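Spelled out from the first residue to the last, the chains are:
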Amino acid sequence: MSRFWSQVVRDLTPYVPGEQPKIANLIKLNTNENPYPPSPRVLAAIQAELGDDAARLRLYPDPNADLLKQAVARRHGATPDQVFVGNGSDEVLAHVFQALLKHDAPILFPDITYSFYPVYCGLYGVDYATVPLADDFTINPADYTGRANGGIIFPNPNAPTGRVLALDAIADIARANPDSVVVVDEAYIDFGGTTAIPLTRRFDNVLVIHTLSKSRSLAGLRVGYAIGHPDLIEALERVKNSFNSYPLDRLAIAGAVAAIEDDAWFADCCRKVIATRDTLTTDLSKLGFDVLPSAANFIFARHAQHDAAELAKALRDRSIIVRHFKLPRIDQFLRITVGTDDECRALAEALRQILG
Ligand SMILES: *Cc1c(COP(=O)(O)O)cnc(C)c1O
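Here is what the cut-offs are and how they apply
- Residues take numbers from 1 onward in each chain, read along the sequence in its written order.
- Given that this is a predicted model, residues contribute local features only at a pLDDT of at least 70 and side-chain atom pairs are listed and counted only at 80 or more, while totals for whole chains, interfaces and linings are drawn from all residues.
- The side-chain numbers reported here are obtained from all heavy atoms of the structure, hydrogens and water having been left aside.
- In these notes, residues near a molecule or strand are those with any non-hydrogen atom within 4 Å of it.
- Any pair of N or O atoms that falls within 3.5 Å is considered a polar contact. Within protein, one atom must be able to donate a hydrogen and the other to accept it, and sequence-neighbouring residues count only if both atoms are side-chain atoms.
- Each accessible area is a Shrake-Rupley result for a 1.4 Å probe, and residues are judged covered by the shown protein chains and nothing else.
- A run of DSSP states H or I qualifies as a helix once it reaches four residues; a run of E qualifies as a strand once it reaches two. Both are numbered from the N-terminal end.
- Angles run from 0 to 180 degrees between N-to-C directions of axes, and those axes are lines fitted to C-alpha atoms, restricted for helices to the stretch in contact.
- Small angles under 35 degrees read as roughly parallel and large ones over 145 as roughly antiparallel, with 65 to 115 read as roughly perpendicular and the rest as oblique.
- Contacts are assigned to residue pairs with any non-hydrogen atoms lying within 4.5 Å of each other.
- We call Asp, Glu, Lys and Arg charged. Ala, Val, Leu, Ile, Met, Phe, Trp, Tyr, Cys and Pro are nonpolar, and the rest, Gly among them, are polar.
- Each domain's limits were defined by an automated method or a database of domain assignments.
- Using a 1.4 Å probe, buried area is obtained as the accessible area two parts lose upon being combined, added over both of them.
- One side-chain nitrogen of Lys or Arg within 4 Å of one carboxyl oxygen of Asp or Glu is enough to make a salt bridge.

1. Focus on the site of the ligand
So, point 1. Lining the immediate environment of the ligand, one finds 13 residues, of which S89, Y188, T211, S213 and K214 sit closest.
So, point 2. Y188 has a polar side-chain atom sitting 2.5 Å from an oxygen atom of the ligand.
So, point 3. Bound to the protein, the ligand loses 93% of the 390 Å² it would expose on its own.
So, point 4. If you tally residues by element for the shell around the ligand, the top one is helix α4 (residues 88-100), at four residues.

2. Describing the packing of α4 against helix α8 (residues 230-240)
So, point 1. One way to put it is that α4 packs onto α8 with a least axis distance of 9 Å and a crossing angle of 105°. Here α4 is positioned roughly perpendicular relative to α8, judged by the angle of their axes. The residues of α8 that touch α4, namely those facing H95, V96, Q98, A99 and L100, are L232, A235, L236, V239 and K240.
So, point 2. By residue class, the composition of the contact of α4 with α8 is seven nonpolar, two polar and one charged.

3. Structural notes on the domain arrangement of the protein
So, point 1. Here the domain parsing of the protein yields domain 1 (7-38 + 264-355) and domain 2 (40-262).
So, point 2. Domain 1 and domain 2 are separated by 24 Å when their C-alpha centres are compared.
So, point 3. When the two sides are added together, the surface that domain 1 and domain 2 hide from each other amounts to roughly 2,700 Å², 65% of it contributed by carbon and sulfur.
So, point 4. Counting the surface domain 1 buries against domain 2, the share from its top three residues, Y15, F266 and R329, is 27%.
So, point 5. As a salt-bridge pair, R329 and D111 come within 2.8 Å of each other at their nearest N and O atoms.
So, point 6. Taken together, domain 1 and domain 2 are joined by 12 residue pairs in polar contact (both at pLDDT 80 or more).

Listed below in C-alpha coordinates is the structure:
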(Lines give C-alpha, C1' and ligand atoms only; values in the text may rest on other atoms or scores of the structure.)
Protein backbone atom coordinates (compact mmCIF):
# COMPACT_ATOMS: atom_id res chain seq x y z
CA MET A 1 0.00 0.00 0.00
CA SER A 2 1.32 3.42 -0.90
CA ARG A 3 -0.10 6.91 -0.98
CA PHE A 4 0.47 6.83 -4.75
CA TRP A 5 -2.04 4.05 -5.30
CA SER A 6 -5.35 4.98 -6.89
CA GLN A 7 -8.56 3.95 -5.16
CA VAL A 8 -9.13 1.34 -7.89
CA VAL A 9 -5.78 -0.28 -7.17
CA ARG A 10 -6.40 -0.25 -3.41
CA ASP A 11 -9.62 -2.14 -3.92
CA LEU A 12 -8.28 -4.80 -6.32
CA THR A 13 -8.05 -8.47 -5.36
CA PRO A 14 -5.73 -9.82 -8.05
CA TYR A 15 -5.90 -13.34 -9.46
CA VAL A 16 -3.30 -15.75 -8.07
CA PRO A 17 -2.04 -18.08 -10.82
CA GLY A 18 -0.82 -21.59 -10.02
CA GLU A 19 2.83 -21.43 -9.12
CA GLN A 20 5.64 -21.99 -11.62
CA PRO A 21 8.34 -23.20 -9.22
CA LYS A 22 11.95 -23.24 -10.32
CA ILE A 23 12.63 -26.70 -8.93
CA ALA A 24 14.34 -29.44 -10.92
CA ASN A 25 12.64 -32.83 -11.47
CA LEU A 26 9.31 -31.53 -10.43
CA ILE A 27 6.14 -33.28 -11.58
CA LYS A 28 4.04 -30.27 -12.37
CA LEU A 29 0.34 -31.04 -12.39
CA ASN A 30 -0.99 -27.73 -11.13
CA THR A 31 -1.74 -25.37 -14.06
CA ASN A 32 -3.28 -27.58 -16.77
CA GLU A 33 -0.47 -27.18 -19.24
CA ASN A 34 -0.19 -29.84 -21.94
CA PRO A 35 2.48 -32.45 -21.18
CA TYR A 36 3.35 -32.77 -24.89
CA PRO A 37 5.30 -30.23 -26.94
CA PRO A 38 3.56 -28.14 -29.60
CA SER A 39 3.56 -29.19 -33.24
CA PRO A 40 7.09 -29.11 -34.75
CA ARG A 41 5.59 -26.79 -37.36
CA VAL A 42 5.33 -24.13 -34.65
CA LEU A 43 9.08 -24.03 -34.17
CA ALA A 44 9.67 -24.00 -37.93
CA ALA A 45 7.23 -21.11 -38.39
CA ILE A 46 8.80 -19.09 -35.58
CA GLN A 47 12.28 -19.70 -37.00
CA ALA A 48 11.09 -18.66 -40.46
CA GLU A 49 9.58 -15.49 -39.01
CA LEU A 50 12.84 -14.71 -37.22
CA GLY A 51 14.95 -15.34 -40.33
CA ASP A 52 18.75 -15.34 -40.08
CA ASP A 53 19.12 -11.96 -38.43
CA ALA A 54 15.76 -11.31 -36.79
CA ALA A 55 15.54 -8.15 -38.89
CA ARG A 56 11.75 -8.38 -39.03
CA LEU A 57 11.62 -7.73 -35.30
CA ARG A 58 12.46 -4.11 -36.18
CA LEU A 59 8.95 -3.83 -37.48
CA TYR A 60 5.67 -3.84 -35.61
CA PRO A 61 3.52 -6.92 -36.12
CA ASP A 62 0.23 -6.78 -38.02
CA PRO A 63 -2.05 -5.01 -35.51
CA ASN A 64 -5.00 -7.09 -36.74
CA ALA A 65 -3.13 -10.40 -36.95
CA ASP A 66 -5.06 -11.07 -40.17
CA LEU A 67 -3.20 -14.30 -40.98
CA LEU A 68 -4.16 -15.70 -37.61
CA LYS A 69 -7.78 -14.59 -37.90
CA GLN A 70 -7.95 -16.28 -41.28
CA ALA A 71 -6.47 -19.51 -39.88
CA VAL A 72 -8.94 -19.51 -36.97
CA ALA A 73 -11.84 -18.74 -39.32
CA ARG A 74 -10.85 -21.57 -41.68
CA ARG A 75 -10.56 -24.05 -38.85
CA HIS A 76 -13.99 -23.25 -37.42
CA GLY A 77 -15.93 -22.53 -40.60
CA ALA A 78 -16.27 -18.85 -39.68
CA THR A 79 -15.34 -15.61 -41.41
CA PRO A 80 -12.48 -13.40 -40.17
CA ASP A 81 -14.92 -10.69 -39.06
CA GLN A 82 -16.33 -13.25 -36.60
CA VAL A 83 -12.90 -13.69 -34.98
CA PHE A 84 -11.09 -11.67 -32.32
CA VAL A 85 -7.56 -12.60 -31.22
CA GLY A 86 -5.68 -11.62 -28.08
CA ASN A 87 -2.64 -12.16 -25.89
CA GLY A 88 -3.92 -15.31 -24.25
CA SER A 89 -7.60 -15.89 -23.68
CA ASP A 90 -7.26 -14.11 -20.35
CA GLU A 91 -6.75 -10.89 -22.29
CA VAL A 92 -9.67 -11.72 -24.56
CA LEU A 93 -11.81 -12.32 -21.46
CA ALA A 94 -10.70 -9.04 -19.91
CA HIS A 95 -11.91 -7.16 -23.00
CA VAL A 96 -15.16 -9.14 -22.94
CA PHE A 97 -15.90 -7.99 -19.40
CA GLN A 98 -15.28 -4.37 -20.31
CA ALA A 99 -16.89 -4.38 -23.75
CA LEU A 100 -19.85 -6.71 -23.40
CA LEU A 101 -20.59 -7.53 -19.77
CA LYS A 102 -20.57 -4.15 -18.10
CA HIS A 103 -24.21 -3.16 -17.77
CA ASP A 104 -26.68 -2.06 -15.10
CA ALA A 105 -27.81 -5.55 -14.09
CA PRO A 106 -25.36 -8.01 -12.48
CA ILE A 107 -23.77 -10.63 -14.69
CA LEU A 108 -24.18 -14.29 -13.73
CA PHE A 109 -21.62 -17.04 -13.37
CA PRO A 110 -21.44 -20.27 -11.33
CA ASP A 111 -20.38 -20.14 -7.67
CA ILE A 112 -17.61 -22.59 -8.53
CA THR A 113 -15.81 -21.48 -11.66
CA TYR A 114 -12.72 -19.87 -13.13
CA SER A 115 -11.55 -17.57 -10.36
CA PHE A 116 -10.44 -14.88 -12.77
CA TYR A 117 -14.06 -13.83 -13.47
CA PRO A 118 -14.63 -12.00 -10.17
CA VAL A 119 -11.20 -10.41 -10.57
CA TYR A 120 -12.20 -8.84 -13.91
CA CYS A 121 -15.42 -7.69 -12.29
CA GLY A 122 -13.33 -5.91 -9.66
CA LEU A 123 -11.04 -4.35 -12.25
CA TYR A 124 -13.80 -3.05 -14.52
CA GLY A 125 -16.51 -2.38 -11.95
CA VAL A 126 -18.84 -5.09 -13.26
CA ASP A 127 -21.56 -6.13 -10.84
CA TYR A 128 -22.06 -9.91 -10.53
CA ALA A 129 -24.12 -12.59 -8.82
CA THR A 130 -23.07 -16.22 -8.52
CA VAL A 131 -25.38 -19.11 -9.33
CA PRO A 132 -24.76 -22.26 -7.24
CA LEU A 133 -23.86 -25.41 -9.13
CA ALA A 134 -26.07 -28.43 -8.39
CA ASP A 135 -24.89 -30.89 -5.72
CA ASP A 136 -23.20 -32.99 -8.41
CA PHE A 137 -21.35 -29.84 -9.56
CA THR A 138 -23.25 -29.53 -12.83
CA ILE A 139 -24.66 -26.30 -14.25
CA ASN A 140 -28.46 -26.29 -14.34
CA PRO A 141 -29.56 -24.19 -17.36
CA ALA A 142 -32.89 -23.37 -15.71
CA ASP A 143 -30.98 -21.37 -13.08
CA TYR A 144 -29.99 -18.95 -15.86
CA THR A 145 -33.46 -18.33 -17.24
CA GLY A 146 -36.07 -15.81 -16.19
CA ARG A 147 -33.58 -13.74 -14.28
CA ALA A 148 -32.61 -10.19 -15.29
CA ASN A 149 -28.89 -10.05 -15.91
CA GLY A 150 -26.19 -8.05 -17.66
CA GLY A 151 -24.62 -11.13 -19.24
CA ILE A 152 -23.72 -14.74 -18.49
CA ILE A 153 -20.32 -16.43 -18.50
CA PHE A 154 -19.16 -19.94 -17.70
CA PRO A 155 -16.40 -22.24 -18.83
CA ASN A 156 -17.41 -25.39 -20.68
CA PRO A 157 -16.13 -27.80 -19.49
CA ASN A 158 -16.31 -25.90 -16.23
CA ALA A 159 -13.14 -25.18 -14.28
CA PRO A 160 -12.10 -26.53 -11.86
CA THR A 161 -14.78 -29.24 -11.87
CA GLY A 162 -14.17 -30.57 -15.41
CA ARG A 163 -17.89 -31.20 -15.86
CA VAL A 164 -19.30 -30.51 -19.30
CA LEU A 165 -22.62 -28.97 -20.35
CA ALA A 166 -24.44 -30.24 -23.46
CA LEU A 167 -24.92 -27.97 -26.46
CA ASP A 168 -28.72 -28.07 -26.12
CA ALA A 169 -28.46 -26.65 -22.62
CA ILE A 170 -26.26 -23.80 -23.85
CA ALA A 171 -28.74 -23.09 -26.64
CA ASP A 172 -31.52 -22.97 -24.02
CA ILE A 173 -29.57 -20.38 -22.02
CA ALA A 174 -28.91 -18.29 -25.13
CA ARG A 175 -32.56 -18.46 -26.23
CA ALA A 176 -33.83 -17.51 -22.77
CA ASN A 177 -31.52 -14.47 -22.59
CA PRO A 178 -31.76 -12.81 -26.02
CA ASP A 179 -30.65 -9.43 -24.66
CA SER A 180 -27.60 -10.72 -22.78
CA VAL A 181 -24.30 -11.89 -24.15
CA VAL A 182 -23.71 -15.53 -23.21
CA VAL A 183 -19.96 -16.19 -23.06
CA VAL A 184 -18.79 -19.80 -23.26
CA ASP A 185 -15.16 -20.10 -22.20
CA GLU A 186 -14.00 -23.25 -23.99
CA ALA A 187 -10.43 -23.45 -22.68
CA TYR A 188 -10.81 -27.25 -22.29
CA ILE A 189 -13.36 -28.12 -24.97
CA ASP A 190 -10.95 -30.16 -27.10
CA PHE A 191 -10.59 -32.79 -24.37
CA GLY A 192 -14.12 -34.12 -24.59
CA GLY A 193 -16.83 -31.49 -25.05
CA THR A 194 -18.75 -30.27 -28.10
CA THR A 195 -17.93 -26.74 -29.11
CA ALA A 196 -20.66 -24.09 -29.07
CA ILE A 197 -19.13 -22.33 -32.09
CA PRO A 198 -22.01 -23.50 -34.36
CA LEU A 199 -24.39 -21.70 -31.98
CA THR A 200 -22.70 -18.39 -32.82
CA ARG A 201 -24.30 -18.67 -36.26
CA ARG A 202 -27.78 -19.18 -34.82
CA PHE A 203 -27.57 -16.76 -31.91
CA ASP A 204 -26.16 -13.23 -32.17
CA ASN A 205 -25.61 -13.23 -28.39
CA VAL A 206 -23.29 -16.24 -28.08
CA LEU A 207 -19.55 -15.62 -27.84
CA VAL A 208 -17.14 -18.56 -27.64
CA ILE A 209 -13.59 -18.19 -26.28
CA HIS A 210 -10.70 -20.52 -27.09
CA THR A 211 -7.07 -20.67 -26.01
CA LEU A 212 -3.96 -22.24 -27.51
CA SER A 213 -2.58 -22.72 -24.00
CA LYS A 214 -4.06 -26.12 -23.27
CA SER A 215 -4.92 -28.35 -26.24
CA ARG A 216 -2.32 -26.72 -28.53
CA SER A 217 0.50 -26.89 -25.96
CA LEU A 218 1.28 -23.17 -26.26
CA ALA A 219 0.71 -21.64 -22.81
CA GLY A 220 4.07 -19.90 -23.21
CA LEU A 221 3.13 -18.18 -26.48
CA ARG A 222 0.02 -16.40 -25.12
CA VAL A 223 -2.67 -16.69 -27.78
CA GLY A 224 -6.43 -16.89 -27.40
CA TYR A 225 -9.43 -15.97 -29.52
CA ALA A 226 -13.15 -15.30 -29.51
CA ILE A 227 -15.73 -16.29 -32.12
CA GLY A 228 -19.12 -14.64 -32.41
CA HIS A 229 -21.35 -12.25 -34.33
CA PRO A 230 -19.36 -9.44 -36.04
CA ASP A 231 -21.09 -6.86 -33.82
CA LEU A 232 -19.71 -8.57 -30.70
CA ILE A 233 -16.27 -8.80 -32.30
CA GLU A 234 -16.35 -5.12 -33.19
CA ALA A 235 -16.92 -4.24 -29.53
CA LEU A 236 -13.82 -6.21 -28.57
CA GLU A 237 -11.79 -4.54 -31.34
CA ARG A 238 -12.84 -1.12 -30.03
CA VAL A 239 -11.55 -1.93 -26.54
CA LYS A 240 -8.38 -3.55 -27.89
CA ASN A 241 -7.62 -0.53 -30.05
CA SER A 242 -8.06 1.71 -27.03
CA PHE A 243 -5.65 -0.39 -24.99
CA ASN A 244 -2.84 -2.00 -27.03
CA SER A 245 -2.76 -2.04 -30.84
CA TYR A 246 -0.28 -4.93 -30.97
CA PRO A 247 -1.30 -7.55 -28.42
CA LEU A 248 0.22 -10.39 -30.46
CA ASP A 249 3.87 -10.25 -31.43
CA ARG A 250 5.26 -11.57 -34.72
CA LEU A 251 6.45 -14.86 -33.28
CA ALA A 252 3.14 -15.53 -31.57
CA ILE A 253 1.18 -14.89 -34.76
CA ALA A 254 3.45 -17.16 -36.83
CA GLY A 255 3.50 -19.93 -34.23
CA ALA A 256 -0.23 -19.81 -33.62
CA VAL A 257 -1.06 -20.09 -37.32
CA ALA A 258 1.20 -23.15 -37.61
CA ALA A 259 -0.34 -24.76 -34.52
CA ILE A 260 -3.90 -24.24 -35.73
CA GLU A 261 -3.07 -25.71 -39.13
CA ASP A 262 -1.55 -28.92 -37.74
CA ASP A 263 -4.71 -30.87 -37.06
CA ALA A 264 -3.06 -34.28 -36.94
CA TRP A 265 -0.63 -33.28 -34.18
CA PHE A 266 -3.40 -31.64 -32.22
CA ALA A 267 -5.73 -34.63 -32.49
CA ASP A 268 -2.97 -36.99 -31.41
CA CYS A 269 -2.07 -34.94 -28.30
CA CYS A 270 -5.73 -34.67 -27.27
CA ARG A 271 -6.25 -38.41 -27.77
CA LYS A 272 -3.24 -39.22 -25.56
CA VAL A 273 -4.36 -36.85 -22.81
CA ILE A 274 -7.87 -38.29 -22.83
CA ALA A 275 -6.56 -41.88 -22.61
CA THR A 276 -4.27 -40.96 -19.70
CA ARG A 277 -7.11 -39.14 -17.95
CA ASP A 278 -9.25 -42.25 -18.08
CA THR A 279 -6.46 -44.41 -16.62
CA LEU A 280 -5.76 -41.84 -13.91
CA THR A 281 -9.45 -41.69 -13.02
CA THR A 282 -9.55 -45.48 -12.62
CA ASP A 283 -6.33 -45.54 -10.57
CA LEU A 284 -7.48 -42.81 -8.20
CA SER A 285 -10.92 -44.34 -7.81
CA LYS A 286 -9.23 -47.58 -6.72
CA LEU A 287 -7.36 -45.57 -4.06
CA GLY A 288 -10.67 -44.40 -2.64
CA PHE A 289 -10.97 -41.05 -4.40
CA ASP A 290 -14.28 -39.72 -5.60
CA VAL A 291 -13.39 -38.38 -9.08
CA LEU A 292 -15.84 -36.11 -10.91
CA PRO A 293 -16.42 -37.14 -14.56
CA SER A 294 -14.02 -34.91 -16.49
CA ALA A 295 -14.15 -33.67 -20.07
CA ALA A 296 -11.00 -31.59 -19.51
CA ASN A 297 -7.23 -32.17 -19.23
CA PHE A 298 -7.49 -32.30 -15.46
CA ILE A 299 -9.48 -34.22 -12.90
CA PHE A 300 -11.17 -32.95 -9.76
CA ALA A 301 -11.05 -35.48 -6.94
CA ARG A 302 -11.60 -35.80 -3.20
CA HIS A 303 -10.87 -38.52 -0.68
CA ALA A 304 -13.42 -39.33 2.00
CA GLN A 305 -10.80 -39.96 4.71
CA HIS A 306 -7.99 -37.55 3.85
CA ASP A 307 -7.84 -33.78 3.97
CA ALA A 308 -7.11 -32.26 0.56
CA ALA A 309 -4.67 -29.62 1.83
CA GLU A 310 -2.69 -32.29 3.67
CA LEU A 311 -2.62 -34.50 0.60
CA ALA A 312 -1.40 -31.59 -1.53
CA LYS A 313 1.36 -30.92 0.98
CA ALA A 314 2.40 -34.56 1.17
CA LEU A 315 2.58 -34.68 -2.63
CA ARG A 316 4.63 -31.53 -2.67
CA ASP A 317 7.11 -33.12 -0.26
CA ARG A 318 7.53 -35.73 -3.00
CA SER A 319 8.05 -33.05 -5.67
CA ILE A 320 4.59 -33.41 -7.18
CA ILE A 321 2.45 -30.30 -7.30
CA VAL A 322 -1.30 -30.23 -7.81
CA ARG A 323 -3.79 -27.41 -7.24
CA HIS A 324 -5.83 -26.98 -4.08
CA PHE A 325 -8.39 -24.18 -3.78
CA LYS A 326 -9.23 -23.05 -0.27
CA LEU A 327 -12.76 -22.13 -1.28
CA PRO A 328 -16.25 -23.01 0.02
CA ARG A 329 -17.67 -26.33 -1.29
CA ILE A 330 -14.40 -27.41 -2.95
CA ASP A 331 -11.77 -27.20 -0.23
CA GLN A 332 -11.69 -31.01 0.01
CA PHE A 333 -10.89 -31.42 -3.68
CA LEU A 334 -7.61 -31.55 -5.55
CA ARG A 335 -7.39 -30.43 -9.14
CA ILE A 336 -4.87 -32.61 -10.88
CA THR A 337 -3.62 -31.86 -14.40
CA VAL A 338 -3.36 -34.86 -16.68
CA GLY A 339 0.36 -35.27 -17.40
CA THR A 340 2.15 -38.00 -19.32
CA ASP A 341 1.46 -41.64 -18.45
CA ASP A 342 4.70 -41.73 -16.46
CA GLU A 343 3.82 -38.62 -14.48
CA CYS A 344 0.35 -39.91 -13.67
CA ARG A 345 1.75 -43.29 -12.63
CA ALA A 346 4.20 -41.51 -10.31
CA LEU A 347 1.34 -39.49 -8.86
CA ALA A 348 -0.79 -42.58 -8.22
CA GLU A 349 2.19 -44.35 -6.63
CA ALA A 350 2.92 -41.37 -4.36
CA LEU A 351 -0.72 -41.24 -3.28
CA ARG A 352 -0.66 -44.98 -2.59
CA GLN A 353 2.27 -44.42 -0.21
CA ILE A 354 0.72 -41.36 1.43
CA LEU A 355 -2.61 -43.10 2.02
CA GLY A 356 -0.75 -46.03 3.51
C1 LIG B 1 -6.46 -21.57 -18.71
C2 LIG B 1 -7.77 -20.87 -18.78
C3 LIG B 1 -7.90 -19.65 -19.43
C4 LIG B 1 -6.71 -18.81 -19.82
O5 LIG B 1 -5.99 -19.22 -20.83
P6 LIG B 1 -4.84 -18.33 -21.45
O7 LIG B 1 -5.17 -18.36 -22.90
O8 LIG B 1 -3.58 -19.04 -21.12
O9 LIG B 1 -4.88 -16.95 -20.89
C10 LIG B 1 -9.16 -19.11 -19.58
N11 LIG B 1 -10.24 -19.71 -19.06
C12 LIG B 1 -10.15 -20.86 -18.40
C13 LIG B 1 -11.37 -21.48 -17.84
C14 LIG B 1 -8.91 -21.47 -18.22
O15 LIG B 1 -8.80 -22.58 -17.51
